Every structure is written in C-alpha cells, then in structure tokens.
Amino acid sequence: MPLYDCMLLLKPHVKKEALMDLVARIGKHVYRRNGVLTDMKSFGNVQLGYGIKKLDGRYYQGQLMQMTMMATPNINKELHYLNEEDRLLRWLLVKHRNTKYGLEFLTEDDGKGELSKFTRSSIYDDEDIDEDDDDDDDEEYDVDQEERKEN
C-alpha cells in the first residue's frame, strides 16, 4: 500500500472536539479499508495567501492538519465525501513517491557503504588549515585600536 498525506484546512472557528471528530472519521474510514494512520500533525491557525469563499463568508485564515496514512490506491475516490463537509475549507491528498517501506526497505543498501569509499586521510585532511591567518587578524585589531586612541 502506498503512503499518502491528507492535508486538511479547516475553518478557524472550528472547535477542537469537532476537529478530532472529523479526524477520527477519516481514520476509521482508512482503517475499515485495511489502511493504517501513521502520523498526524497540527500546524494550528495559519494565514492564507488569499481568501477562500464559502457560503457563510470569506476566510483568510484556517486550521491546518496533516494526516499521513498507508492506504489503498482508491482512497482518493473514497474521501470525496469530504467535499460536503461544511467545517472544511479545502482538503488535498498527496501520494508519496519513491518511498521504500517494509521488506523493500530492509533489502536496500541505503548507501551505508558510501563513506567507505573515502580514505580516512582524505576525510580528515588538515592541510587546508592555515594558522598564520589568525595571527594577522590580531595584528589588524591592535592597529585599529591604536588609530582610534590617536583620534
């Protein structure tokens, strides 16, 4: 099953109980379709770049939620009941691409051997460090202070 992010933008005046009710309904819907809710984030109230017009007015801010889930590919069609939800300003479902999980993730090399290509001396090469430059800075500082005292 692929991984999806469901972004929910709710009206700013929606109570926390109503918000949790909506999130629970979506979570139960995903669970009934053998999906898993893996993460939930709330971004709080956000300012919108433009007003979103609804029947009860125009909204310039909203509450932003992100739900990450593993679900069947037809979850987009199944979530269209959210279009009739009056607490929502907008919702968006985004599919994660090139995400490896499960047995695919365990069998991947994941680049663990990438650092072994470098020798220890090339990683910790101290030739570029020039300690003489530090001494010059101190002398410049002393000259600047002497000029200020003279003025």
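As shown above, the structure is provided for reference.
Residues numbered from 1 in each chain as written. Predicted model: local features only at pLDDT ≥ 70, side-chain atom pairs only at ≥ 80, totals over all residues. Heavy atoms only, no water.

Colleague: When you look at the environment of Arg25 in this model, what are you seeing that I'm missing?
Modeller: Position of Arg25 relative to the elements: it lies in helix α1 (residues 16-32). Residue Arg25 is classed as partly exposed on the basis of its relative accessible area of 33%. The residues contacting Arg25, other than those within four sequence positions of it, are Tyr81, Glu85 and Arg87. (Helix = DSSP H or I, 4+ residues; strand = E, 2+ residues; numbered from the N terminus. Buried < 20%, exposed > 50% of the residue type's maximum accessible area, 1.4 Å probe, protein only. Contact = heavy atoms within 4.5 Å.)

Colleague: Honestly, the side chain of Glu78 in this entry has me stumped. Any pointers?
Modeller: Here Glu78 shows up in helix α2 (residues 75-78). A relative accessible area of 19% means that Glu78 is categorised as buried. Only 3.5 Å separates the side chain of Glu78 from the side chain of His29, close enough to count as a polar contact. Reaching out from Glu78, the side chain makes a polar contact with the side chain of Arg33 at a distance of 3.4 Å. (Polar contact = N/O pair within 3.5 Å; in protein donor to acceptor, adjacent residues only side chain to side chain.)

Colleague: Teacher, can you tell me more about the side chain of Gln66 here?
Modeller: Along the chain, Gln66 turns up in strand β3 (residues 57-70). For Gln66, a relative accessible area of 12% translates into the label buried. In this structure the side chain of Gln66 is engaged in a polar contact, spanning 3.2 Å, whose partner is the side chain of Asp5. Apart from residues no more than four positions distant in its own chain, Gln66 is found in contact with Asp5, Cys6, Met7, Asp39, Met40, Lys41 and Phe43.

Without other data, these values stay purely geometric and don't point to any function.
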